[in-house]
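A structural walkthrough
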Amino acid sequence: MKITKYLMAMPLSLIIIGCASQKLLPIAVTTPVRPIDYQTEIQPLLEKRCTVCHSCYNAACQLKLDSFEGLDRGVTQNAIYNAGRLKPMEPTRLFIDAQSTDEWRRKEFFSVIESTVSGGFNDSLMLHMLSQKMKNPHAVGLYSPETDKLTCAIDREGLADYLGDKPLNGMPYGLPALKQQEYDLIAGWLAQGANGPSAEQQKALEAPNPADIGAINQWERFLNQDNAKHAVTARYLYEHLFLAHINFEPSSTTFYELVRSRTAPGAPIDLIPSVRPYDDPGIDAFFYRFRKVHSTIVQKNHMVVEFDQSMFQRVQELFIEPEWLQTPHRVGYEPVASANPFITFEQIPPRSRYQFLLDNSHYTIMTFIHGPVCKGQIALNVIDDHFWVMFLDPDADQSVQNPGFLKLLSEKLRMPTETGSDYGLFSAIRNKHLDAEQAYYRTRQDYYAANNYKGLGYDAIWKGSRAADAPLLTIYRHFDSASVHKGALGDLPKTLWVIDYPLFERIYYSLVAGFDIYGNAGHQLSDRLYMDALRVEGESYFLDFLPADHRLDLMQSWNIGLDLEDKGYYPSPMPAKIKFASEDPKREFVEHIVDQHLLAETGIRFDSVNYARADDEFPVVPTTYQTDNDYLRALRALSRPGTPFVALVNDYGANLAHMRVRMNSGRDVVLTLIANRWHDNVGFLLSEDKRLNPAKDSLNFVPGLIGSYPNFFIDITENDVPDFLQLLSHYSGSAEDERRLLKYGVRRTDARFWETFDWFQQYLLASDPVRGGLLDLNRYGPIAD
């Protein structure tokens, strides 16, 4: 069934109604006798029904509902995601760029909870949006909150015009209405004055967990020691962990963020609101502090780093105990130099810096796509839908073994982010930073060939040394979001990367530390083009392990339709050290690394459902299911490239589906269905659909829930499994197949929707209470009816 058939689905009566000018009248509300408590009654309800679409930069009208501070701030007509912005916009980060309601009003934010009337009536914008949905609970056509042209009304007149034109656009947008008792609860709270947490509750929200105070004191003493070695170490940690949700015990669900403050430990935090972590703090004496996170934890930007005692000891081992390359000295905040970590931190041994990134490889890779870029096309259309990342071992990394290498090439390691947030659009298309990257890349390739004249062996891939290490990561791109996972998930991917220290640091400073979501179009374009060049480096460093006569052909197969010379690919003149026995050295290399190199150290092994060895054949879908192996065979059969179900989920805008199987035994089996789109190349910013090849699309079935933005929910029983899997394997798009599918799938307007969502949300939090967070529904399948 094609999405386009719904574009004309709006009833004529609604179009006629939308033409009439309307005026919003105050809504009659019965004010409850008992006081309604925001913290225990309203906030949990908002989390379940509102925060799921209003929690990040992509929230409509910047209305963030993950805390009372966001609700109190309200809405603005200034859009963060404005691809044509010629000038940077003023940052509007909650908890950072303003600290009071009056400050937000001066930044053009308007209240959604204030009412101009009382005495049994309320005319707040929030209640009008909820009431509109209660009166018009049905939805017709397509709903995509992030791409629909939504009007951000800042007053009642503007909202009246909007709802007159769009009578079905009440809240929750394109989803089922609240239950009557839920609506009445919020309406009663608004009628009582929309009070937030009490002073005592707010104090408790912001206060550190008593169990964490000892660790906080220990870390703050360490980070703020008045000597150069500790000061530069603290700066390195802060610039790499400013997005982290930090806990002090592995099982703790109380999180903190590392910030810079004008005030010393023991005093209330006075935040320094810099755009980037390496910006000049503006004062000579400032302090690193831990500020408690008291907003709702949302999955899409929840990246946990444990600051337990082992981390404390590791930081000392890496940064304090070794002798540095130079006498430790403090470094200033000159804008261009500060944007280049190879200059700022050149006195710290590269091995220490690189090992810290390797120790935290999962977190650091996550920041590339879970950080400021919540609306992920900016960073994500430069990568394939499924690939694996490995890391060069420090003992094989020339920048670690020969620190002069970085000193010599530091000018060629400069990045576009050194220009700040205002980059000329035309200058961004072909800029000096891309030229510098090319010069570095070619020099690096020749240097490795000269110093590894026999090539690189298996031991040049970092294998980790602790069970917690993540020497191999799987990245799934779900169109405009992505997820990162330890281990080798899925089948053998089209592309693989090997990351060394200079590449790791440049990706981080380009996409995370130096990226400004409020920057102009040139800033964002220059970062995207630079990241494309870095992707070529990562793929190239993997190919350098393979026979020289395979490298060019493999790179071309990953970039169909592109001139590799124009893309800057420079095959290394270094020979292959490994003696390959098969005609498929890519597979042979990967299987040796996983089977013999990583398994013993970290327990990483191949995915038992989705990975196929060279001689494996795709099975057929079984007709009966008696053993667990029958289910595995069925899932493996459906992962075959080109299966009809892949076309089906593409039609529904569903790249990521969460699936619940209710077993007869009473337990539940939970899976995530991932559609991997084959791209002939990812070398261009526009016209991505023209580079897709559906015949090569594939499915992966991963146990548990992954991804922050589910596109579809599937809820079936064990007895339904044979019919459901047969349907997927032979789906034709007929009316009968559509009817059968809707028996199992849950559309955004299905009466079961909220119950189903609540179940998956509770499952996620129960299965991973530390790293789990609130799912986001902004990208749920757009078809309403």
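For the structure itself, look to the data block above.
Residues numbered from 1 in each chain as written. Predicted model: local features only at pLDDT ≥ 70, side-chain atom pairs only at ≥ 80, totals over all residues. Heavy atoms only, no water.

Each helix and strand in the protein was counted, giving 29 helices and 15 strands. In terms of overall dimensions, the protein is globule-like: its C-alpha atoms have a radius of gyration of 27 Å, near the 28 Å expected for 785 residues. For the protein, buried positions account for 60% of its 785 residues. Considering only contacts within the protein whose residues lie at least 6 apart along the sequence, 78% involve residues at least 24 apart. Total accessible area on the protein stands at roughly 31,400 Å², and carbon and sulfur atoms take up 54% of it. (Helix = DSSP H or I, 4+ residues; strand = E, 2+ residues; numbered from the N terminus. Rg over C-alpha atoms; globule rule 2.2 N^0.38 Å. Buried < 20%, exposed > 50% of the residue type's maximum accessible area, 1.4 Å probe, protein only. Contact = heavy atoms within 4.5 Å. Areas by Shrake-Rupley, 256 points an atom, 1.4 Å probe, with all protein chains shown as cover.)

That bond from Met171 to Pro172 is cis: its omega, 5°, falls within 30 degrees of zero. Take Pro172: it is sitting in the loop between helix H6 (156-165) and helix H7 (180-191). Unlike most non-glycine residues, Phe95 shows phi in positive territory, near 75°. Residue placement: Phe95 occurs in the loop between helix H3 (68-73) and helix H4 (101-106). The phi torsion at Ala194 lies on the positive side, around 55°, for a residue other than glycine. Examined against the element boundaries, Ala194 turns out to sit in the loop between H7 and helix H8 (199-206).

Grouped together as the largest cluster of nonpolar side chains are 119 residues, with contacts concentrated most on Phe290, Phe391, Phe542 and Phe589. Of all the elements, helix H21 (residues 501-513) adds the most residues to this core, at nine residues. Counting residues in each nonpolar core, the second largest holds 47 residues, with Val661, Met663, Leu728 and Tyr780 among its members. (Core = buried A, V, L, I, M, F, W, Y, C linked by side-chain atoms within 4.5 Å.)

Looking now at the state of the cysteines. Applying the stated criterion to the full structure yields one disulfide. The disulfide partner of Cys61 is Cys152, and the S-S distance across this bridge is 2.2 Å. When the S-S torsion is -90°, as for the bridge of Cys61 with Cys152, the disulfide is left-handed. Here Cys61 is found in the loop between helix H2 (38-49) and H3, whereas its partner Cys152 is found in the loop between helix H5 (125-135) and H6, with 91 residues between them in sequence. Note on accessibility: Cys61 and Cys152 belong to one class, buried. (Disulfide = S-S within 2.5 Å.)

Looking now at the sheet that holds strand E7 (residues 386-391). Strand order in the open sheet formed by four strands is E9-E8-E7-E10, and the pairing between neighbours is mixed. Each end of this open sheet is capped by a strand with a single partner; those strands are strand E9 (482-486) and strand E10 (495-499). Going from strand to strand, the sheet's axes swing by 25° on average, the running direction of each strand aside. Taken together, the five bridges between E7 and strand E8 (residues 472-477) define a ladder with antiparallel strand orientation. Note that in E8 the partner of His386 across the bridge is Tyr476. (Pairing = 2+ DSSP bridges. Axes fitted to C-alpha atoms, helices over the stretch in contact; angles between N-to-C directions.)

Quick look at the packing of helix H10 (residues 228-241) against helix H11 (residues 309-320) now. Interaxial distance between H10 and H11 falls to 11 Å at its minimum, and their mutual angle equals 115°. Crossing geometry of H10 relative to H11 is assigned as right-handed. Here H10 contributes Lys229, His230, Thr233, Tyr236 and Leu237 to the contact with H11, which in turn contributes Val315, Phe319 and Ile320. Residues that form the contact of H10 with H11 fall into these classes: five nonpolar, two polar and one charged. (Left-handed = near helix turned anticlockwise from the far one by under 90°. Nonpolar A, V, L, I, M, F, W, Y, C, P; charged D, E, K, R; others polar.)

Evaluation of the coordinates by the stated rule reveals 45 salt bridges. Between Lys64 and Asp66 there is a salt bridge, and its shortest N-O distance comes to 3.1 Å. Residue Lys64 is classed as buried on the basis of its relative accessible area, which comes to 15%. On the basis of relative accessibility, which here comes to 6%, the residue Asp66 falls in the buried class. With its nearest N and O atoms 2.4 Å apart, the salt bridge here joins Glu90 to Lys107. (Salt bridge = Lys/Arg side-chain N within 4 Å of Asp/Glu carboxyl O.)

As summarised here, the arrangement of the five strands in space is E13-E12-E11-E14-E15, forming an open sheet in which the pairing is mixed. Every interior strand has two partners, whereas the edge strands, strand E13 (698-703) and strand E15 (745-746), have only one. Seen against the sheet, helix H27 (residues 721-729) touches strand E11 (656-662) and strand E14 (712-717) and runs at an angle of roughly 140° to E14.

By themselves, these are just geometric observations and shouldn't be taken as functional.
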